[in-house]
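Spelled out, the chains give:
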Amino acid sequence: MSEVTAVCVLLIAVVLDGVLGDPPNSLHPVAWMGRFVGWGRRRSQATQNSVRFLQGCAVVACGAVIVATVGVLIQIACRQFPHWLALLVQAAVLKSTFSVRSLAGAAGSVAEALSIEDLNTARHQVAYHLVSRDVTTLDASQLSAATIESVAENTSDSFIAPLFYFVVAGLPGALLYRFVNTTDAMLGYRTQELEWFGKPAAKIDDLLNLIPSRLTALVMLMIYAPYVRRTNPAIAVWWRDHSLTASPNAGHPMSAAAGVLGIVLEKQDHYRLGEGQPLPGIRSLQQSIAMLWTTAIAAVVLSVAGLLMWRTL
């Protein structure tokens, strides 16, 4: 894939996401990945942790080989297509690896419910779309915080990371990242059943997100912090708090968001980012959605520049 083709594929994919959003699950490659992971989980009947770990390795390895191979085959097949069709097919595949519109829409639905003080609907939206924690007792500020945290983390996981791996390795790279991230989302829990079975996916996902998570924080700080006139305080919060989360990566975009927005983001008994700042409200949540779009636009510009430079090396 030439650098010009790669840039066109990326820009068309971004337009498809902004205009159409996600396809139905029956047509979504990520849903297909989820079915494969679910099949692998059902096949695992081991009781020994070592065997569970090896089976988890097999699921990740087999799935990664399959999706990367599919990406290579699509790129090869598209060489035989008319140029416009090749661009559209590859853009549609790339678009399936990320989503900004759906993430912004989910956060917006929470903000809308909170604006009319409908906590039950807000809790439902947060639990259904954004987080896996128990939200039944969260108040409006805590729901705003949970949503902002999810928006910040998923700015990296659901957009910047797939773009990064597309720049580095084309469609195979973006698809492989999305498979590993999906597998971690399904299996990466510290329960008796999943802790060892899901550990391979969790560790590889940590490795793959090492660079994108930090890039996300830097883009947020460079692009949005000056807009809200919080550059120096935001950098200070990020530098101080990025290591407070259990994840080695999630703390970077989340603490950067806390610093940029000038708020505290807290998951009780786990972390408190932005200590000394006020609790978030609806305004902070709305600002986080604006920050998502701003960061995404900046990421597209940087990705285009990266493609033009990377492909010419």
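Scroll up for the structure.
Treat the numbers as computed from the prediction; the structure is a model and nothing was measured.

## What to know about a nonpolar patch on the surface
Next up, step 1: Nonpolar side chains collect at one region of the surface, where Leu207, Leu210, Ile211, Leu215, Leu218, Met222 and Ile223 lie side by side and expose about 630 Å² of accessible area between them.
Next up, step 2: With six residues, helix H9 (residues 210–223) is the largest single contributor of residues to the nonpolar patch.
Next up, step 3: Its place among the elements puts leucine 215 in helix H9.
Next up, step 4: A relative accessible area of 34% means that leucine 215 is categorised as partly exposed.

## A few points about the nonpolar core
Next up, step 1: Residues Leu94, Phe159 and Phe166 are the most contacted members of the largest nonpolar core, which totals 84 residues.
Next up, step 2: Residue contributions to this core peak at 20 residues, all from helix H7 (residues 140–187).

## Comments concerning the pattern of salt bridges
Next up, step 1: The tally for this structure, following the rule as stated, stands at six salt bridges.
Next up, step 2: We note a salt bridge from aspartate 17 to lysine 95, for which the minimum N-O separation is 2.9 Å. Of this pair, aspartate 17 sits in helix H1 (residues 3–20) while lysine 95 sits in helix H4 (residues 83–95); the two residues are 78 residues apart in sequence, bridging distant segments of the chain.
Next up, step 3: In this structure aspartate 17 comes out as buried when scored by relative accessible area, which is 2%.
Next up, step 4: Judged by relative accessible area, lysine 95 falls into the buried class, the value being 5%.
Next up, step 5: One continuous salt-bridge network, built from bridges that share partners, spans Asp17, Asp22 and Lys95.

## Focus: unusual backbone geometry
Next up, step 1: Not every positive phi belongs to a glycine, and glutamate 117 is a case in point at roughly 60°.
Next up, step 2: Here glutamate 117 is to be found in the loop between helix H5 (101–115) and helix H6 (119–129).
Next up, step 3: Phi angles above zero are rare outside glycine, and aspartate 269 is one such case at about 70°.
Next up, step 4: Turning to its location among the elements, aspartate 269 is positioned in the loop between strand E1 (265–267) and strand E2 (271–273).
Next up, step 5: Since its relative accessible area comes to 77%, aspartate 269 is described here as exposed.

Conventions and cut-offs
Residues numbered from 1 in each chain as written. Predicted model: local features only at pLDDT ≥ 70, side-chain atom pairs only at ≥ 80, totals over all residues. Heavy atoms only, no water. Patch = residues over 30% accessible without salt bridge, like charges linked within 9 Å, V, L, I, M, F, W, Y side chains within 5 Å. Areas by Shrake-Rupley, 256 points an atom, 1.4 Å probe, with all protein chains shown as cover. Salt bridge = Lys/Arg side-chain N within 4 Å of Asp/Glu carboxyl O. Helix = DSSP H or I, 4+ residues; strand = E, 2+ residues; numbered from the N terminus. Buried < 20%, exposed > 50% of the residue type's maximum accessible area, 1.4 Å probe, protein only. Core = buried A, V, L, I, M, F, W, Y, C linked by side-chain atoms within 4.5 Å.

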